[in-house]
Amino acid sequence: MALRTPSRPASVQPVGQFDISRYLGRWYEVARIDQRFEKGLVRTRAEYSLAPNGCVQVVNRGFDPRRNRWKEARGKAQFVGSSDEAALKVSFFGPFYAGYNVVALDEQYRWAMIIGASLDDFWILSRTPVLPNGVRQHLLAQAQQIGIDLDRILWVMQDGANPTGS
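The following paragraphs examine the structure supplied in this document. Since the structure is predicted, the reported quantities are computational estimates derived from the model, not experimental observations. (Residues numbered from 1 in each chain as written. Predicted model: local features only at pLDDT ≥ 70, side-chain atom pairs only at ≥ 80, totals over all residues. Heavy atoms only, no water.)

1. So, the overall build of the chain
- Of the regular secondary structure elements, the chain holds 2 helices and 9 strands.
- Secondary structure of the chain in N-to-C order comes out as α-β-β-β-β-β-β-β-β-α-β.
- Taken over the C-alpha trace, the chain has a radius of gyration of 15 Å; the compact-globule value for 166 residues is 15 Å, and the two agree within 12%.
- Counting every position in the chain, which comprises 166 residues, the buried fraction comes to 45%. (Helix = DSSP H or I, 4+ residues; strand = E, 2+ residues; numbered from the N terminus. Rg over C-alpha atoms; globule rule 2.2 N^0.38 Å. Buried < 20%, exposed > 50% of the residue type's maximum accessible area, 1.4 Å probe, protein only.)

Shown next as structure tokens:
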């Protein structure tokens with residue numbers, strides 16, 4: 001996926017009227033489909049900030065309990081089209097980009113659901129370690145409609161808090 005725009009599953013429609021300035025800041029990763037680079041990590045979170053050149057700086061961080069240490073990855077993201085559509089590409093390894101499509105977003109930017117270039121790339125983020133009541137079922141229903149295999153979703157522990165709110 002070097003330099004080109006990452007593909008997007010046909011069932012995925014990024015959020016419109018997206019405001020990157022409201023999206024910046026800390027997000028807790030409360031659910032995901034496990035990826036090689038995140039396998040075994042807990043207390044995962046992402047921090048987004050705006051770089052002077054207009055790109056979005058990304059810092060992903062998670063705790064590896066087996067090694068008893070934090071793991072961190074730094075990258076950059078940029079819009080693949082209009083900045084008011086939540087379709088971005090993100091890179092942690094030089095010129096290689098992955099898809100990052102925000103497909104569900106709370107009006108107050110309290111939670112978000114992201115799907116990458118395939119339905120195997122899936123995350124639910126929240127501004128707090130626990131999703132607000134009712135949000136889990138709402139997002140799972142939407143994910144299933146898009147084609148996400150719900151049995152593959154891993155709920156991530158955040159400092160002992162159950163991310164599902166139950």
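The discussion continues.
2. What about the pairing of strand S8 (residues 122-126)?
- In terms of burial, S8 is a largely internal element, 5 of the 5 residues being buried.
- Here S8 shows no split at all, with Phe-122, Ile-124 and Ser-126 on one side and Trp-123 and Leu-125 on the other all buried.
- Here 4 bridges tie strand S1 (residues 25-33) to S8, and the two strands are oriented antiparallel to one another. If you follow Arg-32 over to S8, its bridge partner there is Trp-123.
- Bridging between strand S7 (residues 111-115) and S8 involves 5 bridges; their strand directions are antiparallel. From the neighbouring strand, Trp-111 faces S8, where its bridge partner is Ser-126. (Pairing = 2+ DSSP bridges.)

3. Describing the side chain of Gln-158
- The topology assignment puts Gln-158 in the segment after strand S9 (153-155).
- Overall, the relative accessible area of 2% leaves Gln-158 in the buried class.
- Side-chain polar atoms of Gln-158 contact the backbone oxygen of Glu-29, separated by 2.9 Å.
- Gln-158 has contacts with Tyr-28, Glu-29, Arg-43, Thr-44 and Pro-129, leaving out every residue within four places of it along the chain. (Polar contact = N/O pair within 3.5 Å; in protein donor to acceptor, adjacent residues only side chain to side chain. Contact = heavy atoms within 4.5 Å.)

4. Observations concerning unusual backbone geometry
- A positive phi angle is found at Arg-43, which is not glycine, with a value near 55 degrees.
- For Arg-43, the position within the fold is in strand S2 (residues 42-50).
- For Arg-43, a relative accessible area of 28% gives the class partly exposed.

5. Concerning the packing of aromatic side chains
- What the rule picks out here adds up to 8 aromatic pairs.
- An aromatic cluster is built from Phe-18, Tyr-23, Trp-27, Tyr-48, Phe-79, Tyr-100 and Tyr-109, whose rings are joined through pairwise contacts.
- It is Arg-43 that lies over the ring of Phe-63; its NZ or CZ is 5.3 Å from the centre.
- In this structure, Lys-89 packs its charged tip against the face of Tyr-97, placed 4.6 Å from the ring centre. (Phe/Tyr/Trp six-rings, centres within 6.5 Å; stacked < 30°, edge-to-face > 60°. Lys NZ or Arg CZ within 6 Å of the ring centre and 35° of its normal.)

6. Regarding the nonpolar core
- Core analysis: the largest hydrophobic core is formed by 21 residues, its most contacted members being Tyr-23, Tyr-48, Tyr-100, Val-102 and Leu-105.
- Among the elements of the structure, helix H1 (20-23), S2, strand S3 (56-64), strand S5 (87-93), strand S6 (96-105), S7 and S8 are those that each provide at least two residues to this core.
- With 3 residues, the top contributor of residues to this core is S6.
- If sequence neighbours within four positions are ignored, Tyr-48 has contacts with Tyr-23, Leu-24, Gly-25, Trp-27, Val-56, Gln-57, Val-58, Tyr-100 and Leu-125.
- One finds Val-12, Trp-111, Met-113 and Phe-122 within the second-largest nonpolar core, a separate group that totals 20 residues. (Core = buried A, V, L, I, M, F, W, Y, C linked by side-chain atoms within 4.5 Å.)

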